[in-house]
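# Understanding the architecture of this molecule
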Amino acid sequence: VKLKGDNLKGFQTDWTEALLPYGDNPPPEEIMFAFCEEQIMSSPQLKDTMTYHHMEISQKGRESSYDELVKIWNVHLEQKQARKIKNAYRPQPCN
């Protein structure tokens, strides 16, 4: 599964669909982490967040995880959707 352009929502959908056939037995977390991290790191939308994430990991001397990557990209998409909804209901100035 590849990130196309910077379409994180599309990547999320493709990623989920790719994992469906595995059911309750997904690939090892290390493999999912490696593939997922490569794609997320290439996203301009997540560049600053991932830089901060890697800095925090190196400062605290710990390993990142697949679950953390999924959380980072899910939170980003949720915040993006919330801003979109908020902006849709923002009163428009009269000209």
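The structure displayed is predicted, hence computed values, not measured ones.

### Thoughts on the overall build of the protein chain
What the protein chain contains, in helices and strands, is four helices and zero strands. Along the chain direction, N to C, the helices and strands of the protein chain fall in the order α-α-α-α. Over its C-alpha trace the protein chain gives a radius of gyration of 16 Å, far above what one expects of a compact globule, namely 12 Å for 95 residues. With the C-alpha coordinates of the protein chain rotated into their principal frame, the extents come out at 55 × 40 × 25 Å.

### As for the packing of aromatic side chains
Scanning the model with the defined rule gives three aromatic pairs in all. Ring geometry for F11 versus W15: centroids 5.7 Å apart, planes at 40°, classification tilted. Note that F11 and W15 are positioned in helix α1 (residues 8-19) at a spacing of four residues, about one turn of the helix. Residue F11 shares its accessibility class with W15, and that shared class is buried. With 5.2 Å between their ring centres and 45° between their planes, F11 and W73 make a pair best called tilted. Residue F11 is located in helix α1, and its partner W73 is located in helix α4 (residues 66-88); the two are separated by 62 residues in the primary sequence. Residues F11 and W73 agree in their burial class; the two are buried.

### So, the nonpolar core
W15, C36, I40, L46, Y66 and W73 are the most contacted members of the largest nonpolar core, which has 16 residues in total. Residue assignment for this core shows that the elements contributing at least two residues are α1, α2 (29-41) and α4. Of the residues forming this core, the biggest block, six residues, is contributed by α4. Not counting residues up to four positions away in its chain, the partners in contact with L46 are L8, I40, I72, W73 and H76.

### A look at the confidence of the model for the protein chain
Close inspection of predicted coordinates is inappropriate in any region flagged by low pLDDT. Residues of the protein chain with pLDDT of at least 70 account for 99%, and the chain-wide mean is 92. No element of the protein chain has a lower mean pLDDT than helix α3 (residues 47-60), at 92, and none a higher one than α1, at 95.

### Quick word on α2
The first and last C-alpha atoms of α2 sit 17 Å apart over 13 residues, in line with the 18 Å expected at 1.5 Å per residue. Every buried residue of α2 is accounted for by M32, F33, C36, Q39 and I40. Each buried residue of α2 lies within a common arc of 140° when the element is viewed along its axis, so the set occupies one face. Considering only its buried residues, α2 is in contact with α1, α3 and α4.

Criteria and cut-off values
Residues numbered from 1 in each chain as written. Predicted model: local features only at pLDDT ≥ 70, side-chain atom pairs only at ≥ 80, totals over all residues. Heavy atoms only, no water. Helix = DSSP H or I, 4+ residues; strand = E, 2+ residues; numbered from the N terminus. Rg over C-alpha atoms; globule rule 2.2 N^0.38 Å. Phe/Tyr/Trp six-rings, centres within 6.5 Å; stacked < 30°, edge-to-face > 60°. Buried < 20%, exposed > 50% of the residue type's maximum accessible area, 1.4 Å probe, protein only. Core = buried A, V, L, I, M, F, W, Y, C linked by side-chain atoms within 4.5 Å. Contact = heavy atoms within 4.5 Å. pLDDT = per-residue confidence, 0-100. Expected span 1.5 Å × (residues − 1). Arc of directions from axis to C-beta.

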